[in-house]
Amino acid sequence: MPEMPEVTVISEDVAALALGREVLRAAVFRPDVTNVEPEEFGRRLVGRTLHGTGRRGKIIVLDLGDVVGLVHLVISGRVLRLPEWREPDRMNTAVLEFGGEGDPVVLAFTRLWLGYFHLYESGEEVRHPLVSRLGPDPFSEDFTLEYLTSALDRKASTKGLLLDQSVVAGLGNIYVDEILFAARIHPTRKGSTLTAEEIHNIHAATRDILRRAIELRGTTFDSYHDAFGETGKYQHQLQVFTHAGEPCPRCGTEIIKSRVAGRGTYTCPACQKAS
Ligand SMILES: [Zn+2]
C-alpha cells in the first residue's frame with residue numbers, strides 16, 4: 001500500500017504531467033469510488049484546471065480551483081498514464097483526461113476498491129474525516145521533538161502509535177519497521193517507556209528514511225511502473241522489512257517476523273530489545 005514517500009512521488013508526478021491543464025473528461029467505474037453521483041463526478045471536473053497537487057498524510061490532494069479532489073489509494077492502487085482515453089473499468093477505477101499543449105494526458109487512478117476519489121468544494125476538504133484527524137506531517141515544523149515526546153507518552157506499543165495517523169501523518173507498516181530498526185527500538189515497547197535519546201533517534205530516523213525513500217521514488221514490490229514508466233528503488237534499501245530469516249545488516253542475527261499492532265513486523269532481536 002502506498003505510504004507517504006510513494007504518495008509524495010505520485011502527487012509530484014501528477015503535477016509534472018497535468019499542472020495547468022484543463023480537464024476534458026472524467027469518469028469513475030462504480031458509484032462507491034466517489035462521494036458524488038457518477039455523472040456528477042464528470043460534470044464537476046470537466047472544464048476545471050489543475051492548479052496544484054499536494055498530500056495530506058497518505059491522501060493525494062488535487063487543487064482544481066473551486067473543486068478539490070481527495071484521492072486515497074489503498075491496497076496497491078496507483079496512478080498510471082494511459083496512451084489515450086478509455087472508459088474506467090475494474091482496474092482503472094477513475095480516469096481523467098487533461099487537454100492543453102501537445103497530446104492529451106490521460107491519468108488512471110487504479111484499484112480504488114477500498115480507496116476513493118472524493119470531491120469537495122474548496123476549503124471543505126479539511127472536514128473529510130481522514131484529513132481532519134491527521135497529526136503533523138513528518139516534514140512539517142509541527143513535527144518537533146517536543147511534539148513527538150508528548151505524542152508517544154502513552155501505554156500503547158511504539159509501533160501502534162507510529163502507525164496511528166493522528167500521531168504522525170503518512171507512516172505505514174514498511175517505514176515504521178525500518179524507522180524502529182534504525183532507532184534500535186523494539187516495536188512492542190510502550191511509548192511511555194522510551195528515553196529522550198530513543199525518541200530523538202525515532203524523530204531523526206523518520207525524516208532520514210522518508211527523505212531517502214522519496215529520493216528513490218518509494219518502495220514497490222510488484223511490477224508496477226509509475227506514470228513515467230519507472231519503478232521505485234527503495235525496496236533495495238530495506239534493512240528488515242520482508243527480510244525474515246536473513247542476517248541483520250548490522251549484527252548478523254537472524255531477522256524475525258512477528259505480529260505487532262495487528263501487522264506483520266520485522267525486527268532484529270539483538271539490535272531491538274523487547275524490554
Ligand atoms: Zn541486529
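Provided above is the structure to which this section pertains.
The rules behind each value
Residues numbered from 1 in each chain as written. Predicted model: local features only at pLDDT ≥ 70, side-chain atom pairs only at ≥ 80, totals over all residues. Heavy atoms only, no water. Helix = DSSP H or I, 4+ residues; strand = E, 2+ residues; numbered from the N terminus. Buried < 20%, exposed > 50% of the residue type's maximum accessible area, 1.4 Å probe, protein only. Contact = heavy atoms within 4.5 Å. Areas by Shrake-Rupley, 256 points an atom, 1.4 Å probe, with all protein chains shown as cover. Donors = N, O, S within 2.8 Å, 3.2 Å for Na, K, Ca; no water. Tetrahedral: all angles 85-135°; square planar, octahedral: opposite > 155°, others 65-115°. Axes fitted to C-alpha atoms, helices over the stretch in contact; angles between N-to-C directions. Parallel < 35°, antiparallel > 145°, perpendicular 65-115°, else oblique. Left-handed = near helix turned anticlockwise from the far one by under 90°. Nonpolar A, V, L, I, M, F, W, Y, C, P; charged D, E, K, R; others polar. Patch = residues over 30% accessible without salt bridge, like charges linked within 9 Å, V, L, I, M, F, W, Y side chains within 5 Å. Salt bridge = Lys/Arg side-chain N within 4 Å of Asp/Glu carboxyl O. Phe/Tyr/Trp six-rings, centres within 6.5 Å; stacked < 30°, edge-to-face > 60°. Lys NZ or Arg CZ within 6 Å of the ring centre and 35° of its normal.

Can you walk me through the overall build of the protein in this structure?
From N to C terminus, the protein includes 7 helices and 10 strands. When the backbone C-alpha atoms are referred to their principal axes, the protein occupies close to 60 × 35 × 30 Å. The burial tally for the protein puts 53% of its 275 residues in the buried class. A separation of at least 24 residues holds for 62% of the contacts in the protein among residues at least 6 apart in sequence. Looking at the protein as shown, the accessible area adds up to about 12,300 Å², and 49% of this sits on carbon and sulfur atoms.

I'm lost on the coordination of the zinc ion in this one. Help?
Each angle at a metal carrying four tetrahedral donors should ideally be 109.5 degrees, and each at a metal carrying six octahedral donors should ideally be 90 or 180 degrees. Around the zinc ion, the protein contributes the donor atoms Cys248 (SG), Cys251 (SG), Cys268 (SG) and Cys271 (SG), at 2.2 to 2.4 Å from the metal centre. Given 4 donor atoms and angles of 100 to 114° at the metal, the environment of the zinc ion is assigned as tetrahedral. One chain supplies every donor for the zinc ion, spaced along it as C-x2-C-x16-C-x2-C. Note that Cys251 is positioned in the loop between helix H7 (196-215) and strand E9 (256-260) and Cys271 in the segment after strand E10 (263-267), a separation of 20 residues in sequence.

Would you mind going over the packing of helix H6 (residues 173-182) against H7 with me for this structure?
The N-to-C vectors of H6 and H7 enclose an angle of 130°; their axes lie 9 Å apart at closest approach. As judged from the angle between their axes, H6 and H7 are oblique. For H6 against H7, the interelement crossing comes out right-handed. Of the residues in H7, those in contact with Tyr175, Glu178, Ile179, Leu180 and Ala182 of H6 are Ile202, Ala205, Thr206, Ile209, Leu210 and Ala213. For the contact of H6 with H7, the residue count by class is 9 nonpolar, 1 polar and 1 charged.

Even after reading the chapter, I still don't get a nonpolar patch on the surface, so can you show me in this structure?
A cluster of nonpolar residues, Ile75, Trp113 and Leu114, forms a patch on the protein surface that exposes about 300 Å² of accessible area. Checked against the element boundaries, Ile75 lands in the loop between strand E4 (67-72) and strand E5 (79-82). Judged by relative accessible area, which is 44%, Ile75 ranks as partly exposed.

I'm lost on the packing of aromatic side chains in this one. Help?
Two aromatic rings are characterised by how far apart their centres lie and by the angle between their planes. For the coordinates displayed, the defined rule picks out 4 aromatic pairs. Both rings, one in Tyr175 and one in Tyr234, keep their centres 5.8 Å apart while their planes meet at 45°; by these two values the pair is tilted. Taken together, the positions of Tyr175 in helix H6 and Tyr234 in the loop between H7 and E9 put the pair 59 residues apart, joining distant regions of the chain. Residue Tyr175 is classed as buried on the basis of its relative accessible area, which comes to 0%. Relative to Tyr266, the ring of Phe241 has its centre 5.0 Å away and its plane inclined at 65°; by these criteria the two rings are edge-to-face. Within this pair, whereas Phe241 is found in the loop between H7 and E9, its partner Tyr266 is found in strand E10, the two being separated by 25 residues in sequence. For the pair Phe241 and Tyr266, one class covers both residues: buried. What links up through ring pairs into an aromatic cluster is the set Phe41, Phe109 and Phe117. In this arrangement the basic side chain of Arg250 is found over the ring face of Phe181, its NZ or CZ atom lying 4.0 Å from the centre.

Function cannot be read off these values alone, since they describe shape.
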